[in-house]
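Structural overview for review
Here's the letter readout for the chains.
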Amino acid sequence: MEKTWRWFGKKDKITLAMLRQIGVEGIVTALHDVPLGQVWTREQIRDLREYIESYGMRWSVVESLPVVETIKYGGPDRDEQIEVYKQSLRNLSAEGVHCICYNFMPVLDWARTDLLHENPNGATNLYFNYAEFAYFDIYILKRPGAREEWAAFRFPEGYGEGRDVLAEADALAKTMTPEKDHALVENIVIKTQGFVSGNFKEGDEAPVQKFREFLALYKGIDKAALRANMKYFLEAIMPVCEECGMNMCVHPDDPPIEVLGLPRIVRTEEDIEWLLNAVPNKHNGLTFCAGSLSAGAYNDVVGMARKFASRTHFIHLRSCHIFPNGDFTEASHLGGRADIIELVRIFEKENPGLPMRVDHGMTMLGDETRGYNAGYSFLGRMFAMGQVQGIIATVDRELGLTYRQPGFFD
Ligand code: DNO
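Now for a description of the structure that goes with this document. (Residues numbered from 1 in each chain as written. Predicted model: local features only at pLDDT ≥ 70, side-chain atom pairs only at ≥ 80, totals over all residues. Heavy atoms only, no water.)

Next up on the list: the sheet that holds strand S2 (residues 26–29). Taking strand neighbours around the barrel as the criterion, the eight strands line up as S1-S2-S3-S4-S7-S8-S9-S12 in a closed arrangement whose pairing is parallel. Pairs of neighbouring strands in the sheet enclose a mean axial angle of 30 degrees, with direction left out of account. The strands that helix H10 (residues 223–244) touches are strand S4 (99–103), strand S7 (247–251) and strand S8 (284–289); relative to S7, the one it contacts most, it runs at about 155 degrees. The sheet strands contacting helix H15 (residues 379–399) are strand S1 (2–6), strand S9 (312–317) and strand S12 (355–358), and the helix crosses S1 at an angle near 165 degrees. (Pairing = 2+ DSSP bridges. Helix = DSSP H or I, 4+ residues; strand = E, 2+ residues; numbered from the N terminus. Axes fitted to C-alpha atoms, helices over the stretch in contact; angles between N-to-C directions. Contact = heavy atoms within 4.5 Å.)

Right, let's get into the sheet that holds strand S11 (residues 328–330). Ordered in space as S5-S6-S11-S10, the four strands form an open sheet in which the pairing is antiparallel. Each having just a single partner strand, strand S5 (114–118) and strand S10 (320–322) make up the two edges of the open sheet. When strand polarity is set aside, the average angle formed by the axes of neighbouring strands in this sheet is 35 degrees. Two elements, S10 and S11, share three bridges in a ladder whose sense is antiparallel. Residue pairing across strands places isoleucine 322 opposite phenylalanine 328, the latter belonging to S11.

Our next topic: the packing of aromatic side chains. Tallying each qualifying case throughout the model produces 25 aromatic pairs. With 5.2 Å between their ring centres and 85 degrees between their planes, phenylalanine 8 and phenylalanine 195 make a pair best called edge-to-face. One end of the pair, phenylalanine 8, is in the loop between S1 and helix H1 (16–20); the other, phenylalanine 195, is in the loop between helix H8 (178–191) and helix H9 (207–216), and 187 residues separate them in sequence. In this pair, the class of phenylalanine 8 matches that of phenylalanine 195, namely buried. Seen from their ring centres, tyrosine 130 and phenylalanine 155 are 4.8 Å apart, and the 75 degrees between their planes marks the pair as edge-to-face. Of this pair, tyrosine 130 sits in helix H5 (residues 130–140) while phenylalanine 155 is found in the loop between helix H6 (146–152) and helix H7 (165–175), placing the two residues 25 residues apart along the sequence. Since its relative accessible area comes to 12%, phenylalanine 155 is described here as buried. Pairwise contacts between aromatic rings join Phe128, Tyr130, Phe133, Phe136, Trp150, Phe153, Phe155, Phe200, Phe211, Phe214 and Phe328 into one cluster. Sitting above the plane of the tyrosine 51 ring, lysine 10 keeps its charged end 5.0 Å from the centroid. Above the ring of tyrosine 232, the side-chain terminus of arginine 78 is found at 3.7 Å from the ring centroid. (Phe/Tyr/Trp six-rings, centres within 6.5 Å; stacked < 30°, edge-to-face > 60°. Buried < 20%, exposed > 50% of the residue type's maximum accessible area, 1.4 Å probe, protein only. Lys NZ or Arg CZ within 6 Å of the ring centre and 35° of its normal.)

In structure tokens, the structure reads:
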């Protein structure tokens, strides 16, 4: 595997000089300053690529080249936006970048309710609490129909037995304060979204109102309609991908559940099978995000890796723990539901050399005071990267592959 790291550009407090010291070979990044819906120019791409190369690394993967909402809900200007997307693909390819991670989640990219949930070891991880999410939906967003949907909500078998999420949300409503509401909105709408080139930014005024406006765009868009729009998008861009050797890899929905009445179509094995078959071209591939997939109790992550390895172009290694009540948090990279050791074995055997980044690490040992993006600590991710490098080196030895450890006298 190629060991990569998600880096947020020249303004990132974690510098390329730091990453060089910890065995990073490739960079995963985006042109974070280009507004949504605009072409990424060759000059902008080249400037960043050359900067990365000046540190002895390469720009391995774009994460993300965002798919704007109009393409997802099928708005009147979607064809125009697809042309913009195609031009950015051509420009990236001309500059030697050939792997794109994107998602097809309506409105919200990823979701957590608590960004600093304490582990037994005193460090913190990201956390998703269903009752707090339902409270946000019903009491803050005040989404029509939310109450009824949460009343009907059922956890996957084996989890959340006897739990009444709606009753918990109602109980929370009695203890929440304007400050706590604000913190929850920051977590769900701003801090997790602001840095991923999504729809919301740090400093947005009235983010909840903006959120409602986005939701309204999806009126009448059900799972079938969203699938049709995804197929339309992929079919439109595939000729360009063929022409310039571009691998598209969709990121699974995180968490892999339907949220806020919006359809989500990259949650399960059946979903992924559908999207790979709907556009059966090897350039239509997958970001195998073990973390997102392992947050769904119904997902057999190892089985999915075996099944989809040949259509995977990029890997996110992370693992989740689901509590008996159904909430989940991010586990150690050596524990949890994802079985990262076995995943590395499968990918190194079936599709060796893919770019891989560790995803979301613990926030630890002072990371919390550094202002890093949620989930993207330095020390916590470096700790995970060290663990994962050990796994890759071991598996590569088992398989007779050469393990690269740049930066040392060997
Ligand atoms: C969160 C990330 C996602 C991911 C996008 C890909 O930490 O995994 O924001 O980058 O969904 O488009």
